[in-house]
Amino acid sequence: MSPLAPQPPRRVAVIGGTRVPFARSDGPYATASNQEMLTAALDGLVERYGLREPGAVGEFVAGAVLKHSRDFNLARETVLGSALDPRTPAYDIQQACGTGLQAVIAAANKIALGQTESAIAGGADTASDAPLGVNDRLRRILLEARRAKSTGGRLKALAKVRPGHLVPDIPRNAEPRTGLSMGEHAAVTARAWGISREEQDALAAASHRRLAAAYERGLFQELVIPFRGLARDQNLRPGSTAEKLAALKPVFGLDAPGPTMTAGNSTPLTDGAATVLLASEEWAEARGVEPLAYLTAYETAAVDFVGGDVAGGEDGLLMAPAYAVPRMLERAGLGIGDFDLVEIHEAFASQVLATLAAWEKRGLAPVDRARLNVAGSSLATGHPFAATGARIVATLATLLAEREGPGRGLISVCAAGGQGVTAILERT
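What counts, and where the lines are drawn
Residues numbered from 1 in each chain as written. Predicted model: local features only at pLDDT ≥ 70, side-chain atom pairs only at ≥ 80, totals over all residues. Heavy atoms only, no water. Helix = DSSP H or I, 4+ residues; strand = E, 2+ residues; numbered from the N terminus. Contact = heavy atoms within 4.5 Å. Phe/Tyr/Trp six-rings, centres within 6.5 Å; stacked < 30°, edge-to-face > 60°. Buried < 20%, exposed > 50% of the residue type's maximum accessible area, 1.4 Å probe, protein only. Core = buried A, V, L, I, M, F, W, Y, C linked by side-chain atoms within 4.5 Å. Salt bridge = Lys/Arg side-chain N within 4 Å of Asp/Glu carboxyl O. Axes fitted to C-alpha atoms, helices over the stretch in contact; angles between N-to-C directions. Parallel < 35°, antiparallel > 145°, perpendicular 65-115°, else oblique. Nonpolar A, V, L, I, M, F, W, Y, C, P; charged D, E, K, R; others polar. Left-handed = near helix turned anticlockwise from the far one by under 90°. Expected span 1.5 Å × (residues − 1). Pairing = 2+ DSSP bridges. Right-handed = clockwise from strand over helix to strand, strands pointing away.

Chemist: Even after reading the chapter, I still don't get the side chain of Gln-200, so can you show me in this structure?
Modeler: For Gln-200, the position within the fold is in helix H7 (residues 197-216). With near-sequence residues (within four places) excluded, Gln-200 lies in contact with Ile-195, Thr-260, Met-261, Asn-265, Ala-349, Ser-350 and Leu-353.

In C-alpha cells form, the structure reads like this:
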C-alpha cells in the first residue's frame, strides 16, 4: 500500500481573545494567583464563545514565568477550575516574555496539521505573588536532616541552622549569565544605538494616549473583562505627555554618563492573564463565527548576549527580533511596507527604538510610526510576562477585523535569555 500523500497545512484562524485588566504589582491583584487570573481570563472566553459543551475545545496551552511549585501543572489545573470541559487536555509552556506567543504558535501548529480543530492559548504572571525560595544553605541542611538515619543524626544536622539561613531566596530580575537586570541590559543597547531620552519619552507618552483612545472607542469592550474591581489597565495614564515623563529621574544605566531610561519609559512589574481562541476554518464555519484574522507565519531567534557583539548593539539581550523578523519576511516574500499594522512589545521604549533601527540596518524599510502600536502596548498596559503575547495577538486580530477589508499585521516580542518570537497575522 502506498503511503498517504502529505496534506498541506490548514489555515489557522484567530477567533478572539479575553484578558483581565493588567494591574501594577502589589496592587489590586496582590493576593491573586496565576491560576486565579488565568481562570478568569479563560472563563471570559468560554462565556463569550459558548465553549462549555464537551469537546468544544481540543486543547489548552498556557504558561507563566514566575511559578510556585504548586503551578507545576498550571494549564491543566486552570482547566479543572474553569467552565471549560474538564476533559480538555492542557499543558504548560514557557519562554520568558515570549511565552504567550509561543503558546499561540504551539496551538496553531496542531490545528494546521489537522491534529485538533480548536485550541486556546494564553499565559499569566504575577509579580506580586512571586515565589520565595528557601535559602540554599538552609535547603542543604534540611536535605541532610531528611537523609539522616536516626533522630540524633537529624538533630545534628538541624543544629547547623543559623539566623542568616532563614533569609529567603528572593527572585531577581537578572540574567544568570551576566547578573544584569533586563533594564541594565537595555541601557547598554540604548547607548550602543544612540537612543535619546526624548525619543523614549515620546514613544512612551504615545503608548498611553493610544491605549486610552482605544478604550474610549470601545476596542476592548469584548477583549477585557472586569476582575477584582478593575475594568481598565491600572498602569494607563491618559494624561501622559513627553514633558511630564521628562521630569522623571533615570533608573537604569546609571553607571555611565547620560542615562536615559526611567520608570516612565520602561514597563512596570505587572500582574495579569490573557487567552486567545484559535481554530480551523471548518470549526469556525460550523459555529457560525467569523475569524478576526489568520496566523500565517512565525519565527523565533536568539542572540549571544554574553559573548556576542553586545557593546555594538547587535546582540543586546532584547535584540533577537532584529534577526527573526527579517528572516521571517524573507521567507514570506514580504517587506515592511506590506504591513498595515506593526505590534512591537514595549519592554522598554529604548528597546523598541533600537529594534526599529536594527531592522533598517538590515535592509528593511522604515516603519511608519502611524502604524506602530496603534492601540498602545506594554508601556501603557503593563507586562505580565507570559500574558503579553496572547494580549498582542488578540488585540492585533481585533484591529485587523476593525478595518473590514484585507490587512496584514506584524508581531515582534523580545524575551529574556536573548530570545525573540515574531509572527504575522492576515485578514483576507
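Chemist: Would you take a moment to explain the packing of aromatic side chains for this structure?
Modeler: Aromatic ring pairs: the centre-centre distance and the angle between the two ring planes describe each pair. Summed over all chains, the structure comprises three aromatic pairs. Ring geometry for Tyr-29 versus Phe-227: centroids 5.0 Å apart, planes at 70 degrees, classification edge-to-face. Pair noted here: Tyr-29 is in the loop between strand S2 (23-24) and helix H1 (34-49) and Phe-227 is in the loop between H7 and helix H8 (242-245), with a separation of 198 residues, a long-range link. For Tyr-29, a relative accessible area of 0% translates into the label buried. Phe-227 gets classed as buried once you look at its relative accessible area, which sits at 10%. Here the aromatic rings of Tyr-215 and Phe-220 are separated by 4.7 Å at their centres, their planes lie at 45 degrees, and the arrangement is tilted.

Chemist: Would you explain the nonpolar core in this entry?
Modeler: Taken as a class, soluble globular proteins show a tendency for nonpolar side chains to be buried jointly. By size, the foremost hydrophobic cluster in this structure holds 47 residues, and its most contacted members are Leu-101, Phe-220, Leu-278, Ile-411 and Leu-425. Top element by residues in this core is helix H13 (residues 388-402). It accounts for nine residues. Here Ile-411 is in contact with Leu-101, Glu-343, Ile-392, Val-393, Leu-396, Val-421, Thr-422, Ala-423 and Leu-425, once residues within four sequence places are set aside. With 36 residues, the next largest nonpolar core counts Ala-64, Leu-230, Leu-277 and Trp-283 among its residues.

Chemist: Would you mind showing me how to read the pattern of salt bridges here?
Modeler: Where charged atoms from two side chains of opposite charge come close, those side chains can pair. Scanning the entire structure with this criterion turns up 24 salt bridges. Note that Arg-87 is salt-bridged to Asp-85, the shortest N-O span being 3.3 Å. Classification of Asp-85 as buried rests on a relative accessible area of 6%. A salt bridge links Asp-340 to Arg-403; the nearest nitrogen and oxygen atoms lie 3.3 Å apart. Of this pair, Asp-340 sits in the loop between helix H10 (321-332) and strand S10 (341-344) while Arg-403 is found in the loop between H13 and strand S11 (407-415), placing the two residues 63 residues apart along the sequence.

Chemist: Just to check I follow, could you spell out the packing of helix H4 (residues 136-147) against helix H5 (residues 151-158) for this structure?
Modeler: For any two helices packed against each other, one specifies the inter-axial angle together with the distance between the axes. The interhelical angle for the contact between H4 and H5, taken along N-to-C directions, is 170 degrees, at an axis separation of 8 Å. Considering their axes alone, H4 and H5 lie roughly antiparallel with respect to each other. Residues Ile-141, Leu-142, Glu-144 and Ala-145 of H4 lie in contact with H5, whose contacting residues are Arg-154, Ala-157 and Leu-158. Residues of the contact of H4 with H5, tallied by class, amount to five nonpolar, no polar and two charged.

Chemist: Can you help me understand the packing of helix H6 (residues 182-193) against helix H11 (residues 349-361) in this one?
Modeler: For the pair H6 and H11, the least separation of the axes is 9 Å and the interaxial angle reads 45 degrees. In this view, H6 runs oblique relative to H11, as classed from their interaxial angle. Handedness of the crossing formed by H6 with H11: left-handed. Each of Ala-186, Thr-189, Ala-190 and Trp-193 in H6 lies in contact with H11, whose residues at this interface are Ser-350, Ala-354, Ala-357, Ala-358 and Lys-361. Looking at the contact of H6 with H11 residue by residue, the class counts come to six nonpolar, two polar and one charged.

Chemist: What is the right way to look at H1 in this model?
Modeler: For an α-helix the count is 3.6 residues per turn, leaving residues at separations of three or four pointing the same way. Its 16 residues place the ends of H1 23 Å apart at the C-alpha level, agreeing with the 22 Å of an ideal helix rising 1.5 Å per residue. All buried positions along H1 are accounted for by Asn-34, Met-37, Leu-38, Thr-39, Ala-40, Ala-41, Leu-42, Gly-44, Leu-45, Val-46 and Tyr-49. Residues of H1 that are buried sit in contact with strand S1 (12-19), strand S3 (60-63), helix H2 (74-80), strand S5 (118-125), strand S8 (270-280) and helix H9 (281-287). After H1 finishes, the residue Gly-50 shows a positive phi value of roughly 60 degrees.

Chemist: Help me understand unusual backbone geometry in this model?
Modeler: For residues besides glycine, phi is generally negative; the peptide bonds are generally trans as well. The phi angle at Ala-96 is positive, at roughly 50 degrees, despite the residue not being glycine. The topology assignment puts Ala-96 in the loop between strand S4 (90-92) and helix H3 (99-112). Despite not being glycine, Arg-228 has its phi angle at roughly 50 degrees, a positive value. Mapped onto the elements, Arg-228 comes out in the loop between H7 and H8. Owing to a relative accessible area of 35%, Arg-228 belongs among the partly exposed residues under this scheme.

Chemist: Is there a simple way to explain the pairing of S3 in this structure?
Modeler: In the case of a regular strand, side chains alternate between the two sheet surfaces. Every second residue of S3 is oriented toward a common face, with Phe-60 and Ala-62 on one face and Val-61 and Gly-63 on the other, all of them buried. Pairing of S3 with S4, which is carried by three bridges, proceeds in the parallel orientation. Note on S4: the bridge partner recorded for Phe-60 is Ala-90. Considered for its hand, the β-α-β crossover made up of S3, H2 and S4 is right-handed. Sheet topology note: the S3/S5 ladder contains four bridges and is parallel. Bridge pairing in S5 places Val-61 opposite Ala-121.

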